[in-house]
Amino acid sequence: MSAQSIQEIHSKRFGTQGVVYQAPGRVNLIGEHTDTSEGYVMPAALDLRTISVLSPRSDTTANIYSVNFDEQVTLDLQHLPSRRRSHWSDYPTSVLWTLAQREIHPAGFDLTLSGDVPLGSGLSSSASVEVAVAVAVLAHAGITLTKPAIAKVCQFSENNFVGAQSGIMDPFTSCCGVENHALLIDCRSLDYEALPLASEVLLVICNSMVKHSLAGGGEYNARRAEVQAGVRILQQHYPDIHTLRDVTEEQLRRCENEMPEEIFRRCLHVVTENARVLQAAEALRSGDFLGFGRIMHQAHVSMRDNYAASCMETDLLVELAARQPGCFGARITGGGFGGCTINLVAADHADNFVRDVRSGYKDATGIQAEIYLSRASNGAGPLPQVS
Ligand code: GLA
């Protein structure tokens, strides 16, 4: 749906035009489950996004209407809920709750949200909603925060209200994305470099249509806990380490016999994945897409076998992709346990790729995959006013 249509829906419902903002979802090219260990990631912001439209009110009420769910919730900004209720409104509410913790108390407002980031598919629909709410409400409250600071507000909201112990990658990318670039982010310092994506190679995203949910924790938090258990064992030998970011593969292997195999494997994934991101960045800088693709494949195998965060359907999509001419690399992207694969495909092979992967997947599973050809986009901000 266009920003203009969403603004019209807002005007009809609330009787005022409202200011329009957008915040993109993201796809991660490589660097999975490393952000929570202060490691490296390489995502790009998508042209799938959440639009928010906000107009001020003269009381302390927040009306939030979701176009996707065709439902409105009303909150009293002076008495915000302090717990999630496993409802779409948890995401916008979580941001208001975090702002209130930081003594940011906006006046009342009417807010319309509408997004085309598929939910629970590993493309960061939740961060895109949170960032779209944060940028709109902060502007309404007259508060200026840096983009990384907005990302931290959203991560805090997700961790402490929604209940997923997720890292900084998703909101950071939604805030800081750069058109036609991937971001190489150091999740410890939050320094980042925008790496150009060549126009002859497309980011093709295949949605297995198997949904995952990070809300409330589940498998995602369980993996994090396993990694933290591994860090505690490593710290007995290397007291200076804080996270797996500080650990080499050799150090980890020296402690292998002291940890349960599963914990060793989770840690091995993170430690080797950090190294892969840096190698992949080098490959991208030198235009070596074949090399980049090989590293993507290794990353997929590690997500599947060591982190145990893939599933039959996403493995199948990766296998189908690997057989296609013009496909440099394919891997599961995002939190995992379903969701999407990211494929690096030569632009002149993209149509055949989409056709053949779609039909191969349908034949094998009976499921109609959705496939998106996305361009890397800019991060969140206001959209030009449409009248
Ligand atoms: C989810 C989380 C991110 C990151 C990825 C896995 O998207 O929100 O912080 O951990 O999973 O890389």
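Parameters at a glance
Residues numbered from 1 in each chain as written. Predicted model: local features only at pLDDT ≥ 70, side-chain atom pairs only at ≥ 80, totals over all residues. Heavy atoms only, no water. Helix = DSSP H or I, 4+ residues; strand = E, 2+ residues; numbered from the N terminus. Rg over C-alpha atoms; globule rule 2.2 N^0.38 Å. Buried < 20%, exposed > 50% of the residue type's maximum accessible area, 1.4 Å probe, protein only. Contact = heavy atoms within 4.5 Å. Areas by Shrake-Rupley, 256 points an atom, 1.4 Å probe, with all protein chains shown as cover. Near = heavy atom within 4 Å. Polar contact = N/O pair within 3.5 Å; in protein donor to acceptor, adjacent residues only side chain to side chain. Nonpolar A, V, L, I, M, F, W, Y, C, P; charged D, E, K, R; others polar. Domains from an automatic or database assignment. Salt bridge = Lys/Arg side-chain N within 4 Å of Asp/Glu carboxyl O. Axes fitted to C-alpha atoms, helices over the stretch in contact; angles between N-to-C directions. Parallel < 35°, antiparallel > 145°, perpendicular 65-115°, else oblique. Left-handed = near helix turned anticlockwise from the far one by under 90°. Core = buried A, V, L, I, M, F, W, Y, C linked by side-chain atoms within 4.5 Å. Pairing = 2+ DSSP bridges.

1. Looking at the overall build of the protein
When helices and strands are counted, the protein shows eleven helices and twelve strands. Here the C-alpha atoms of the protein give a radius of gyration of 21 Å, agreeing with the 21 Å that 2.2 N^0.38 yields for 387 residues. Its C-alpha atoms put the protein at 60 × 50 × 40 Å along the principal axes. Counting only residues that meet the buried cut, the protein has 60% of its 387 residues in that class. In the protein, the proportion of contacts linking residues at least 24 apart, taken out of those at least 6 apart, comes to 71%. Summed over its atoms, the accessible surface of the protein is roughly 15,700 Å², and 48% of this surface lies on carbon and sulfur atoms.

2. Remarks on the site of the ligand
Neighbouring residues of the ligand: twelve residues in total, closest Glu-32, His-33, Asp-35, Asp-170 and Tyr-220. A distance of 2.9 Å separates an oxygen atom of the ligand from a polar side-chain atom of Arg-26. Within the complex, the protein chains bury 96% of what would otherwise be the 300 Å² of accessible surface of the ligand. Residues that form the shell around the ligand fall into these classes: three nonpolar, five polar and four charged.

3. Some details on unusual backbone geometry
Notably, Asn-180 is not glycine yet its phi reads approximately 60°, a positive angle. Of note, Asn-180 is situated in the loop between helix H5 (169-176) and strand E6 (181-186). Given a relative accessible area of 34%, Asn-180 falls into the partly exposed group. With a phi close to 70°, Met-209 is a non-glycine residue in the positive phi region.

4. A short note on the domain arrangement of the protein
What the domain assignment reports for the protein is domain 1 (3-197 + 377-382) and domain 2 (201-374). On a C-alpha basis, the centroid separation for the pair domain 1 and domain 2 is 25 Å. Linking domain 1 with domain 2 are four salt bridges, by the criterion used here. Among the ionic pairs, Glu-32 bridges to Arg-331, the shortest N-O distance being 2.5 Å. Here domain 1 and domain 2 share 23 residue pairs in polar contact (both at pLDDT 80 or more) between them. Residue assignment for the side of domain 1 that touches domain 2 shows that the elements contributing at least two residues are strand E1 (19-30), strand E2 (40-56), E6 and strand E7 (192-196). For the side of domain 1 that touches domain 2, the per-class residue count stands at 19 nonpolar, 14 polar and nine charged.

5. Observations concerning the packing of helix H9 (residues 289-305) against helix H10 (residues 312-322)
Running from N to C, H9 and H10 point in directions that differ by 160°, and their axes come no closer than 11 Å. Judged by the inter-axis angle, H9 sits roughly antiparallel to H10. Along this stretch, H9 crosses H10, giving a crossing that reads as left-handed. In this structure, H9 contributes His-297, His-300 and Arg-304 to the contact, and H10 contributes Thr-314, Asp-315 and Val-318.

6. Some remarks on the side chain of Asn-221
Structurally, Asn-221 is set in helix H6 (residues 218-237). Only 3.2 Å separates the side chain of Asn-221 from the backbone oxygen of Gly-163, close enough to count as a polar contact.

7. Concerning the nonpolar core
One finds Ile-64, Leu-96, Phe-109 and Leu-111 to be the most contacted residues of the largest nonpolar core, which totals 43 residues. Contacts of Leu-111, omitting those with residues within four sequence positions, involve His-10, Phe-14, Ser-52, Val-53, Leu-54, Asn-63, Ile-64, Tyr-65, Val-133 and Ala-136.

8. A few points about the sheet that holds strand E11 (residues 370-374)
Through backbone hydrogen bonds, the strands of a sheet pair up, either in parallel or in antiparallel fashion. Strands sit in the order E9-E10-E8-E11 across an open sheet of four strands; the sheet is antiparallel. Both edges of this open sheet fall to strand E9 (327-333) and E11, since each of them pairs with a single strand only. The sheet shows a mean angle of 20° between the axes of neighbouring strands, taken without regard to direction. Across six bridges, E9 lies against strand E10 (residues 340-346) in antiparallel orientation. By the bridge assignment, Cys-327 is partnered in E10 with Val-345. Each of strand E8 (201-207), E9 and E10 is contacted by H9, which is oriented at about 30° to E9, the strand it contacts most.

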